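Residue-level structural notes
So you can see what is in the structure, the chains are spelled out below.
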Amino acid sequence: ISLFFFNVLFLATFILTKVIVFGSKMSDKLKGDKPAGDKIQFFVLDVKYKVVNGKSEIYLFSKTKKGKSIIVIDTQFEPFFYVIPKKNHELSEKIEKLKVEKNEESYEVTKTETLKMNYNGKEVDVIKVYTNLPRDISVIRDIIKDWEMVASVNEYDFPFSRRYLADKEITPLTLLEAEVELIVRKSKVPVFEAKSLKQVGDDTLTEPKILAIDIETYNDGKAVDFEKNPILMVSFYGQNYQKVITWKKFKTKDKYIEFVEDEAELVSKFKEIVEAIQPDIITGYYSDGFDLPYINKRAQKYKVKLDLGLDHSEMSVTSRGVSKAKIAGIVHLDTFSVIKKLFSQSLKTDFYDLGSVSEELLGDKKTDVELDNLADVWDNHPSELGIYCEYNLQDSKLAFNLAEKILPNVIEMVKIVGLPIFDVTRMGFSQLVEWYLIKRSHLSNVIVPNK
């Protein structure tokens, strides 16, 4: 028994020491950012939510005023929607008792609140219905909407992260302040839990760290084949940084070229470089539709885990409709989609290829090379690959310069609409207008009509 208690005591002391050391190291990383009273000021770059121990948590991937990456977690925000009752009907008590078992999962209402709000130009009584998790809302709503005493159910289909930003009146890229406590979570950067949080000014994050990437792949003259054709080289371009990684060795004096053994190591090196640089923004030209999905597919082939997110989450690529690649905490800005949407009316060129757009907006051109010959050169004339590495790097440089060129416009769009860069640059104009109106409606105590 004595030995047992000794072991327990030893283990507890060991864990406590690790936590104290971890907290100390994280605090050292943030010296100069934490004013007195455990308050911290920061700019939000990205937002997501997770379910942890049966509760929803909002993750704010942020940058401090001193330029250090952090995650601020808000555990106090609860999912909700609105119910408008018919005249003289009291619904709150009945709604509060709702608990549904479905597919071995429990969905429940945690509490209700009665408010006065504006709806269709009139002041009405409204029941604000809180649920345990965001996923509970659709299940509860489907039950309530058919009740005789219910006039309308509203704001049940807002994405939870967007709901949070609107309700808390938070505008990404502008200065926030939070009372925080350093906590231990699996993360590549310090993590804080917010006790309170508010917007404190119009200061804007205007110089995020940008890393541009571009890939060249084997092309046998047929359609692009993510499964069959390997990535031959990948380039990186950032402030005071340029590199091309390839796996076919040849003699070169160019110091930006680095050789690896094979494609698998190239993919691993891509991950290593992104993690080392830890950019705020990763960019490319048509990187939503080509570069990042291609890298993701080849990583799957070699079982390379692309857990690039600051919370160690993997890069996600969705292919519903238009392909989108997302990394938690690192904003993916596809310059192609932004330029086509925001600049198409003012561009003189009728073509949206990187060469045409760069020549008009930057006065710079792509490297002149016969890309169709790359597969043959790769197989039979590797000594001639240097020009293709130069071509690859130039494409990254152009993507980087385009990102810097359009970023002020993107930042202003974020400040107007109130959503992160990733969302704003992938929404159509009707969606941008709609969300701007939703943001304004919340400030005016107006319930948003259903679609």
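Residues numbered from 1 in each chain as written. Predicted model: local features only at pLDDT ≥ 70, side-chain atom pairs only at ≥ 80, totals over all residues. Heavy atoms only, no water.

**Let's talk about the nonpolar core**
Counting residues in each nonpolar core, the largest one holds 85 residues, and the members touching the most others are Phe 42, Leu 60, Tyr 164, Leu 197, Ile 339, Ile 421 and Trp 435. A per-element tally of this core places helix α10 (residues 386-417) first, with 16 residues. If we skip the residues at most four places from it in the chain, Leu 60 touches Val 44, Asp 46, Val 47, Ile 70, Ile 71, Val 72, Tyr 164 and Leu 197. One finds Ile 73, Val 260, Val 274 and Ala 328 within the second-largest nonpolar core, a separate group that totals 36 residues. (Core = buried A, V, L, I, M, F, W, Y, C linked by side-chain atoms within 4.5 Å. Buried < 20%, exposed > 50% of the residue type's maximum accessible area, 1.4 Å probe, protein only. Helix = DSSP H or I, 4+ residues; strand = E, 2+ residues; numbered from the N terminus. Contact = heavy atoms within 4.5 Å.)

**Points about the packing of helix α5 (residues 263-277) against helix α6 (residues 287-301)**
Packing of α5 against α6 leaves a shortest axis separation of 10 Å and a crossing angle of 125°. Here α5 lies oblique to α6, going by the angle between them. Where α5 crosses over α6, the two elements pack in a sense that is left-handed. Note on element contacts: α6 touches α5 through Leu 292, Ile 295, Arg 298 and Ala 299, opposite Glu 263, Val 267 and Phe 270. (Axes fitted to C-alpha atoms, helices over the stretch in contact; angles between N-to-C directions. Parallel < 35°, antiparallel > 145°, perpendicular 65-115°, else oblique. Left-handed = near helix turned anticlockwise from the far one by under 90°.)

**Points about the pattern of salt bridges**
The full count for this structure, using the stated rule, is 29 salt bridges. Its salt-bridge partner being Arg 426, residue Asp 288 comes within 2.8 Å of it at the nearest N-O pair. With a gap of 138 residues between them, Asp 288 in helix α6 and Arg 426 in the loop between α11 (421-424) and α12 (429-443) connect regions that are remote in the sequence. Each of Lys 243, Glu 258, Lys 269 and Glu 272 takes part in a single network of salt bridges with overlapping partners. (Salt bridge = Lys/Arg side-chain N within 4 Å of Asp/Glu carboxyl O.)

**Side note on the environment of Glu 177**
Checked against the element boundaries, Glu 177 lands in strand β9 (residues 174-183). The class of Glu 177 is buried, set by a relative accessible area of 16%. Residues Glu 177 and Asp 167 lie ten residues apart in sequence; the distance between their C-alpha atoms is 16 Å. Other than its neighbours up to four places away in sequence, Glu 177 contacts Lys 39, Ile 40, Gln 41, Phe 42, Ser 196, Leu 197, Lys 198 and Val 200.

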